[in-house]
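Spelled out, the chains give:
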Amino acid sequence: MRRDVLARLEIEGLQSGACTGDWLATKGEALVSVDPTTGEVLGTVRAATIADAEVVLARSSAAFESWRMRPAPLRGEVVRALGNALRDHKDDLGALISLEAGKIKSEGLGEVQEMIDICDFAVGLSRQLCGITTHSERPRHRMFEQWHPLGPIAIVTAFNFPMAVWAWNAALGAVCGDVMLWKPSPRTPLTALAVQQIANRVMREHDCLGVFNLLVGDADVGSWLGDNRGIPLVSFTGSTAVGRKVAATVAARLGRTILELGGNNAIIVMDDADLDMAVPSITFGAVGTAGQRCTSTRRIFAQRGVAAKLTERLVAAYRTITIGDPLAEGTLLGPLISQQAVVAYEAAIETAKGQGGTVLCGGKKVDRPGNFVEPTIVKAPAQADFPIAWEETFAPILYVFEVDSLDEAIAANNAVTQGLSSAIFTEGMRASEQFLSAIGSDCGIANVNIGTSGAEIGGAFGGEKDTGGGRESGSDSWKAYMRRQTCTVNWSGRAPLAQGVKFDVG
Ligand code: NAD
């Protein structure tokens, strides 16, 4: 029953890991997709080799020649069809995310909805890829900017958003006139196959094979994409350690990157906070997706007057969390992605204890098949004396610190190397405004009375410092997927130079 979804999405038995609309007969290593809930094998995919990747790049480069000349609003029609096809398959795609990545069904469906939302956004955008017109200093001259497609772009994604991150990039890239080479995480190949099958049908119906392309593989394919001069933009989502390598490789050939790397997100809770909002928001931020979101809440800075009450209420909320099959009704916490992730969780808790932390609830793996762990709250000493909290452990572990003041809390929020998401809970206008000001949070996302995770697609998404500085999704993020051209047209009948320069010849 759990696996019927594979047949309905037409990926049962499909083994190729490379596609340009037609599947290639790939010969790379066999990547096994394992259900993190049961430990059972869901399927096997033959990874793309570098030779396969070369074929895919050549075909997509050929597709780019005509795609870039299709008017942007007509490219938008293709993305509209993609969004509608995703709507038709929303339930099965959501279930597949639960099966392969372990997200609870509601979050799996939410991820598919995010894909649909970004398609809608991109359709509107396809009529708004606007450049400015500005004033030339020379008479009877016109100066303006226009935006052109870049070419084949690489989209390298992480396991924890196995579909949505592709869509954030691919929907925008498509209306911008680019063609996409998607390298998903080798831990979630089946979700990628399912999305590619849907994209294949849309491409066929709209005569644009080669626009959406897939390359399942691991570091070898990823670094080949980073090193390839035929790929002007590499949008990379993953850990800071790997992102650093990708950034160096692409920079060495002066290519462009969008980097969406690790986070270590904090919430400040002031004495005047409304705990009826703070407690569920923190719990979702820390426990949702089993603590495996880049925006997961990992650190709480509670003002001393509210810390005991907040902690007590969080522990009570944690005790109500149902752990189990992510597809079962009522489950709030599914499995971690792998056994290695369980080991990393246990190691972090041991380290936390060794550094003076006290486990208030959770702290152990769950004795059942699959990769289940308890959601954990650790009362922490001062952050400066607690190095484990400076790291991103991809698991549902929440460190709670006490602070005296807003200044101290903001300094602690900003002290870590990552800079993705942050939040404050307060009823006070001065505190929230300070948090949002230039002396406040240094993160790419700063929220008031909302947790750190669960961003909407309309805003630009991304973070600072070790999070990489990239921005994806809404706002004007589309500009990263195009090249800007400044044009000046002279209709004066003379040839004046700028800045009054004289250069009289003849
Ligand atoms: P990861 O870094 O292990 O892998 C990410 C991708 O990089 C995978 O597709 C992998 O195959 C590929 N890769 C590995 N080596 C490579 C190389 N040398 N060159 C090019 N590509 C290579 O990350 P993960 O464990 O899949 O995901 C978790 C991490 O991703 C966390 O740190 C999380 O915070 C981060 N993340 C960030 C965002 C964001 O938007 N900031 C979103 C999701 C996940």
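Because the structure is a prediction, the values reported are computed rather than measured. (Residues numbered from 1 in each chain as written. Predicted model: local features only at pLDDT ≥ 70, side-chain atom pairs only at ≥ 80, totals over all residues.)

Draft legend 1. Broad picture of the site of the ligand. By nearness alone, 29 residues border the ligand, and Ala158, Gly222, Gly238, Glu260 and Cys294 come closest of all. Going through the elements one at a time, α8 (219-227) and α9 (240-252) are the ones with two or more residues in the shell around the ligand. A total of 4 residues in the shell around the ligand trace back to one element, the largest contributor, which is α8. Here the shell around the ligand is composed, by residue class, of 12 nonpolar, 12 polar and 5 charged. Taken domain by domain, the shell around the ligand gets at least three of its residues from each of domain 1 (2-261 + 468-485) and domain 2 (265-456). (Near = placed C-beta within 6 Å. Helix = DSSP H or I, 4+ residues; strand = E, 2+ residues; numbered from the N terminus. Nonpolar A, V, L, I, M, F, W, Y, C, P; charged D, E, K, R; others polar. Domains from an automatic or database assignment.)

Draft legend 2. Summary view of the packing of helix α4 (residues 90-101) against helix α5 (residues 105-125). One way to put it is that α4 packs onto α5 with a least axis distance of 8 Å and a crossing angle of 125°. Classed by the angle they form, the pair α4 and α5 counts as oblique. Note on packing geometry: the crossing formed by α4 with α5 is right-handed. The segment α4 lies against α5, with Lys90, Leu93, Gly94, Ala95, Ile97 and Ser98 engaging Lys105, Gly108, Leu109, Glu111 and Val112. Class assignment of the residues belonging to the contact of α4 with α5 gives a composition of 5 nonpolar, 3 polar and 3 charged. (Axes fitted to C-alpha atoms, helices over the stretch in contact; angles between N-to-C directions. Parallel < 35°, antiparallel > 145°, perpendicular 65-115°, else oblique. Left-handed = near helix turned anticlockwise from the far one by under 90°. Contact = placed C-beta atoms within 7 Å.)

Draft legend 3. Spatial organisation of helix α11 (residues 304-319). Taking 1.5 Å of rise per residue, the 16 residues of α11 would be expected to cover 22 Å, and the 24 Å separating its terminal C-alpha atoms lies within 8% of that figure. On the buried face of α11, the contacting elements are β11 (265-269), α10 (275-287), β12 (297-303), β13 (358-361) and β14 (376-379). (Expected span 1.5 Å × (residues − 1).)

Draft legend 4. How the structure looks around the sheet that holds β12. On the basis of which strands lie adjacent, the open sheet formed by 7 strands has the order β13-β14-β15-β12-β11-β17-β18 and mixed pairing. Pairing within the sheet leaves two strands with one partner each, and these edge strands are β13 and β18 (445-448). Looking at each pair of strands side by side, their axes are set apart by 25° on average, direction ignored. For β12 and strand β15 (residues 397-403), the ladder comprises 5 bridges, and the chain directions are parallel. Counterpart to phenylalanine 301 in the pairing with β15 is phenylalanine 401. (Pairing = 2+ DSSP bridges.)

Draft legend 5. Structural detail: the domain arrangement of the chain. What the domain assignment reports for the chain is domain 1 (2-261 + 468-485) and domain 2 (265-456). The centre of domain 1, based on its C-alpha atoms, is set 31 Å off from the matching centre of domain 2. Counting from both sides, the interface comprises 16 residues of domain 1 and, opposite them, 18 residues of domain 2. Of all elements in the fold, only α4 and α5 reach the threshold of two or more residues within the side of domain 1 that touches domain 2. By residue number, the principal contributor to the side of domain 1 that touches domain 2 is α4, which donates 3 residues. Classifying every residue of the side of domain 1 that touches domain 2 gives 5 nonpolar, 6 polar and 5 charged.

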